[in-house]
Amino acid sequence: MKRIVHHAVYDTLADWETGHLTAHLRNGNYHREPGGYEIVTVGLTTDPVVTMGGLRITPDLALADLSPAGSELLVLPGADLWDAGDSLAPFARKAREFLDAGVPVAAICGAVAGLAREGLLDERDHTSAVPQYLDAQEGYAGAKHYLDRDAVLDGDLVTAGPTEPVAFAREAFRRLDVYRPEVLDAWFRLFARSDASAYEVLMAA
């Protein structure tokens, strides 16, 4: 039975932010364990959504039906809607449910701001596009835990800014223990830096 990763989808979703993560989880290449992950999309409802890039996605599951049980990871991509009111706040509340259950959450770009407003960053190390972005979020009290890094893993939480989709994937892979350390390093060097020497490591894996 395939391991399941839940990927939130909503209107204005930033297409580029989670592609490395989902593609390389799904295909299973170089993984420690044989086989990939099943990617299950989750919307507020099962009505179709349209991404920032104009792709139409019909969610597999409604948020109300999502439980941490049986899930390996909840992925929260950025979207314009995170900065346009509280319509996506239910996803931040669901992230709290996952973290309370010990199931990891990976949030990038605007989704990190949503977690900040939910209070989920107040006691966890995290990053974002810039600290000022989070400082502007109502209820955010985690400034002392902000780290100026490409992506941050603290326990069960992965965070990154919008320009770091490869580092975001790297830290999610690290939390899931998908690759052996030398393979993870090579994967990042290849996709983030076009380091041709990394290809040999991946092929040997």
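Coordinates for the structure precede this section.
Residues numbered from 1 in each chain as written. Predicted model: local features only at pLDDT ≥ 70, side-chain atom pairs only at ≥ 80, totals over all residues. Heavy atoms only, no water.

A. Here's a closer look at the pattern of salt bridges. For the structure shown, the criterion picks out 10 salt bridges. Glu171 serves as the salt-bridge partner of Arg170, at 2.6 Å between the closest nitrogen and oxygen. Per residue, the accessibility class of Arg170 equals that of Glu171, and both read buried. Of the charged contacts, one joins Glu171 and Arg174 as a salt bridge, the two residues approaching to 3.0 Å between their closest N and O atoms. (Salt bridge = Lys/Arg side-chain N within 4 Å of Asp/Glu carboxyl O. Buried < 20%, exposed > 50% of the residue type's maximum accessible area, 1.4 Å probe, protein only.)

B. Examining the layout of surface pockets more closely. Considering only enclosed or pocket space, the largest pocket measures out at about 160 Å³ in volume. As for the largest pocket, its lining consists of His7, Val9, Leu13, Asp15, Thr18, Gly19, Thr22, Ile39, Thr41, Thr51, Leu55 and Ile57. Listed by contribution, the elements that provide at least two residues to the lining of the largest pocket are helix H1 (19-27) and strand S2 (37-43). A breakdown of the residues in the lining of the largest pocket according to their chemical character gives 5 nonpolar, 6 polar and 1 charged. (1 Å grid on protein atoms, 1.4 Å probe; cavity = no way out; pocket = protein on both sides within 12 Å on 5 of 7 lines; lining within 4 Å. Points joined across faces, edges and corners; volume = space filled by probe spheres on them. Helix = DSSP H or I, 4+ residues; strand = E, 2+ residues; numbered from the N terminus. Nonpolar A, V, L, I, M, F, W, Y, C, P; charged D, E, K, R; others polar.)

C. The arrangement of the nonpolar core in detail. Tyr10, Leu76, Phe91 and Leu115 are the most contacted members of the largest nonpolar core, which has 32 residues in total. In this structure, Tyr37, Ile108, Val158 and Val178 belong to the second largest nonpolar core, which totals 29 residues. (Core = buried A, V, L, I, M, F, W, Y, C linked by side-chain atoms within 4.5 Å.)

D. Local environment of the packing of helix H5 (residues 165-176) against helix H6 (residues 181-193). Interhelical geometry of H5 versus H6 gives an angle of 170 degrees and a closest axis separation of 10 Å. The pairing of H5 with H6 is recorded here as roughly antiparallel in orientation. As for how H5 packs across H6, the hand of that crossing is right-handed. Packed against H5, whose contacting residues are Val166, Ala167, Ala169, Arg170, Phe173 and Arg174, the element H6 presents Leu184, Trp187, Phe188, Phe191 and Ala192 at the interface. Counted by class, the contact of H5 with H6 contains 9 nonpolar, no polar and 2 charged residues. (Axes fitted to C-alpha atoms, helices over the stretch in contact; angles between N-to-C directions. Parallel < 35°, antiparallel > 145°, perpendicular 65-115°, else oblique. Left-handed = near helix turned anticlockwise from the far one by under 90°. Contact = heavy atoms within 4.5 Å.)

E. Representation of unusual backbone geometry. Notably, Thr12 is not glycine yet its phi reads approximately 70 degrees, a positive angle. Following the sequence through the fold, Thr12 ends up in the loop between strand S1 (3-8) and H1. A relative accessible area of 22% places Thr12 in the partly exposed class. Not every positive phi belongs to a glycine, and Cys109 is a case in point at roughly 60 degrees. Relative to the helices and strands, Cys109 is located in the loop between strand S7 (105-108) and helix H3 (110-117).

F. Examining the packing of H1 against H5 more closely. The N-to-C vectors of H1 and H5 enclose an angle of 40 degrees; their axes lie 8 Å apart at closest approach. In terms of their interaxial angle, H1 and H5 are classed as oblique. Residue-level inspection shows His20, Leu21, His24 and Leu25 of H1 in contact with H5, the latter providing Pro165, Val166, Phe168, Ala169, Ala172, Phe173 and Leu176. In the contact of H1 with H5, the residues fall into 9 nonpolar, 2 polar and no charged.

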